[in-house]
Amino acid sequence: MGTPGQEIFTTADGLAVPAVTEEGMREVDRIAVEDTGPALFQMMENAGRNLALQAIDMMGPAWASSKVVVLAGTGGNGGGGICAARHLANRGADVTLSVTRVEGLGEVPAYQRHVFLGTQGREASVGELPADGVGLVIDALLGYSLKGAPRGAALEAIRWANACAAPKLSLDVPSGVNSTTGDTPGEYIKPAATLTLALPKTGLKAHLTGDLILADIGIPVACYQKMGLKYQSPFGAAYRVPLRQSDSAQGERAAISR
Ligand SMILES: NC(=O)C1=CN([C@@H]2O[C@H](COP(=O)(O)OP(=O)(O)OC[C@H]3O[C@@H](n4cnc5c(N)ncnc54)[C@H](O)[C@@H]3O)[C@@H](O)[C@H]2O)[C@@H](O)CC1
Ligand SMILES: [K+]
């Protein structure tokens, strides 16, 4: 489940965290949903709350008056973004949510949007998004189910984000990057940070992710044991921990301007 490559992800304390391919992460999801739990609703809520907290950390003390744009796709990745949009809006942040195709939302992301609509947050199409004054862009367009080069409304949103000067925070994987290989078949988001969920993905190369942070979405150790993974929780008392990739030592990250 951990191939391809020799990806080694470690915490600041040097604890190695196993990486998974798209297939491996789907298996984690399957075991969680069919056997150990948590349910998808719970995992997505945990993902979105961690994402909102990471966004606040990135914006710093001015977060409450910063403009946040959340770009959300129709799948699980988008659902996490919509959840973060609600948590930020609930705290009075200036949030604009842009969903690529509202009618295409899956059941759980659609429910997240239903809850978001009870906040003061706004919705806008990509064409209506502000051209300047944006403090942070949250990228929740495409996750590990990316197939081929981004197209349609997701591509339009990636282009808007890449033209926007604000830093980007990607959920799970920068949109447009293949989570298993790190290949970029077309346009893709170049984030200042990536918050990845549960386990790092093999394609999360240092020159693509910006700072890499791992978020706890509540999956129990038994789930990983059923997959045969050598896993020790890296979280301690925290819900988010920074990770370091083995390819980050080459200084590739410094060469990328974000
Ligand atoms: N346990 C977990 O791993 C959890 C995962 N979650 C998130 O869910 C994501 C996976 O969700 P999904 O499988 O629903 O899919 P994604 O959210 O990765 O993708 C959504 C949709 O994008 C479309 N798409 C694929 N390739 C495209 C392309 N080239 N251009 C335009 N559109 C394209 C497909 O129609 C796909 O259904 C993960 O990456 C993660 O962020 C969270 O929902 C919480 C739980
Ligand atoms: K993403």
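Quick caveat, the model's predicted, so the values are computed rather than measured. (Residues numbered from 1 in each chain as written. Chains lettered and ligands numbered in written order. Predicted model: local features only at pLDDT ≥ 70, side-chain atom pairs only at ≥ 80, totals over all residues. Heavy atoms only, no water.)

Undergrad: Looking at this structure, how should I read the sheet that holds strand E10 (residues 240-245)?
TA: Think of a sheet as strands paired side by side through backbone hydrogen bonds, with each pair either parallel or antiparallel. Spatial ordering of the open sheet is given by E2-E1-E10-E9-E8-E7-E6-E3-E4-E5, a layout of 10 strands whose pairing is mixed. With partners counted over all chains shown, the strands left at the sheet margins are strand E2 (16-17) and strand E5 (122-123), one partner each. (Pairing = 2+ DSSP bridges. Helix = DSSP H or I, 4+ residues; strand = E, 2+ residues; numbered from the N terminus.)

Undergrad: Teacher, can you tell me more about the site of ligand 1 here?
TA: Around ligand 1, the surrounding shell holds 22 residues, and the nearest of these are Asp29, Asn77, Gly143, Ser145 and Asp172. Here an oxygen atom of ligand 1 and a side-chain polar atom of Asn77 are 2.8 Å apart. Within the backbone of Ala149, one N or O atom sits 3.0 Å away from a nitrogen atom of ligand 1. Protein chains bury 83% of the 860 Å² of accessible surface belonging to ligand 1 in isolation. Residue assignment for the shell around ligand 1 shows that the elements contributing at least two residues are helix H1 (22-36), helix H2 (40-59) and helix H3 (76-90). Taken together, the residues of the shell around ligand 1 break down into 11 nonpolar, seven polar and four charged. (Near = heavy atom within 4 Å. Polar contact = N/O pair within 3.5 Å; in protein donor to acceptor, adjacent residues only side chain to side chain. Areas by Shrake-Rupley, 256 points an atom, 1.4 Å probe, with all protein chains shown as cover. Nonpolar A, V, L, I, M, F, W, Y, C, P; charged D, E, K, R; others polar.)

Undergrad: I would appreciate a short explanation of the packing of H3 against helix H4 (residues 107-116) in the present structure.
TA: Between two packed helices, what matters for the description is the angle formed by their axes and the separation of those axes. At a closest axis distance of 8 Å, the pairing of H3 and H4 adopts a crossing angle of 15°. As summarised for this structure, H3 and H4 are arranged roughly parallel, according to the angle between their axes. Note that H3 runs across H4; the crossing there is left-handed. Taken together, the residues of H4 that come into contact with H3 (itself represented by Gly76, Gly79, Ile82, Cys83, Ala85 and Arg86) are Pro109, Gln112, Arg113, Val115 and Phe116. The class makeup of the residues in the contact of H3 with H4 is six nonpolar, three polar and two charged. (Axes fitted to C-alpha atoms, helices over the stretch in contact; angles between N-to-C directions. Parallel < 35°, antiparallel > 145°, perpendicular 65-115°, else oblique. Left-handed = near helix turned anticlockwise from the far one by under 90°. Contact = heavy atoms within 4.5 Å.)

Undergrad: Looking at this structure, how should I read the UniProt feature "domain: YjeF N-terminal" (unreviewed entry) in the protein?
TA: Mapped onto this structure's residue numbering, the UniProt feature "domain: YjeF N-terminal" (unreviewed entry) falls at residues 25-225. Within residues 25-225, the helical portion is 39% and the strand portion 17%, while the C-alpha atoms at the span's ends are 14 Å from each other. (UniProt positions renumbered as here; feature names shortened; annotations may be inferred.)

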